[in-house]
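# Structural characterization, general
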Amino acid sequence: MIRIKNDQMMKFSAVLLDLDGTLLDSLPDLAQAVNGMRADLGLPALDTGRIGTYIGKGAAVLVQRSLSDAPGQSHQEAMARFRHHYQDCNGRHAKPYPGAMEGLSRLRDMGLKLAVVTNKPAQFTQPLLERTGIAPFVDASVSGDTCAHAKPHPEPLLHACRLLGATPAQAVMIGDSVNDAQAARAAGMRMLAVPYGYNEGHDVRSLEVDAIVASILDAAEWLAAH
Ligand SMILES: O=C(O)COP(=O)(O)O
Ligand SMILES: [Mg+2]
């Protein structure tokens, strides 16, 4: 239990944060890497908005969905081209959403432990957290290839809880997509959704969540009140 300013006890001790579409608008870099890969394979560029609907289940699924018009294409070769381009542009245009940095700061001031839980491959997560200034705020990060399963499986969330020394009941997941919501439910955790992310092209109001919050700063307010 953490004592907060109005002397009320808060039942939460840890917050797990999704990265793409929740803390960061990383679509410009991901779209650049996808279209760099497509150009290398002799394919025309895809619209950025369309690529946004392909984000959520990690890089391998992003690449596979981005090649629906090239069924004979080797996935392995495409992944190598994607990794090559993303390594170069990862974090170049990605920006924290309004309220994200202020929210992280507020959550830390509340004494909460913070972890990033993303489906992004680990080789890209830490450089991105460092380039965008998020790294100093978080105690741990779990990537799409850290555990045997990625979100929507609950394993990465349960692993993050162990790293932060919290039980699922003491933790809250904040995310933008069905992958976060299903993982949180399966892990027995509260879930807050932000409405501005990617959610594979669907409305966040279709998700089973405890609340929809306008920003990470608003999520901090929700936590302080619960
Ligand atoms: O890599 C993805 O597809 C999505 O990443 P996220 O889990 O941080 O939203
Ligand atoms: Mg996301």
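Residues numbered from 1 in each chain as written. Chains lettered and ligands numbered in written order. Predicted model: local features only at pLDDT ≥ 70, side-chain atom pairs only at ≥ 80, totals over all residues.

## Section: the site of ligand 1
Every one of the 14 residues lining ligand 1 counts as a neighbour, but L19, D20, T118, N119 and K120 are closest to it. Counting contributing residues per domain, the shell around ligand 1 is built from domain 1 (2-25 + 94-225) and domain 2 (27-89), each supplying no fewer than three. (Near = placed C-beta within 6 Å. Domains from an automatic or database assignment.)

## Here's the deal with the UniProt feature "binding site: Mg(2+)" (unreviewed entry) in the protein
Mapped onto this numbering, the UniProt entry gives "binding site: Mg(2+)" (unreviewed entry) at D18, D20 and D176. Across 159 residues in sequence, these annotated residues keep their C-alpha atoms within 8.2 Å of one another, forming a single compact spot. Mapped onto the secondary structure, D20 falls in the loop between β3 (14-17) and β4 (24-25). If we skip the residues at most four places from it in the chain, D20 touches S26, I55, T118, K120 and Y198. With respect to the helices and strands, D176 occurs in the loop between β8 (171-175) and α8 (178-187). In contact with D176, not counting residues within four places along its chain, are D18, G21, T22, A193, V194, G197, Y198, N199 and V204. (UniProt positions renumbered as here; feature names shortened; annotations may be inferred. Helix = DSSP H or I, 4+ residues; strand = E, 2+ residues; numbered from the N terminus. Contact = placed C-beta atoms within 7 Å.)

## Description of the domain arrangement of the protein
Here the protein is partitioned into domain 1 (2-25 + 94-225) and domain 2 (27-89). If you look at the interface, domain 1 gives 15 residues, while domain 2 gives eleven residues.

## Side note on the UniProt feature "active site" (unreviewed entry) in the protein
Under the local residue numbering, the UniProt record ascribes the feature "active site" (unreviewed entry) to D18. Structurally, D18 can be placed in the loop between β3 and β4.

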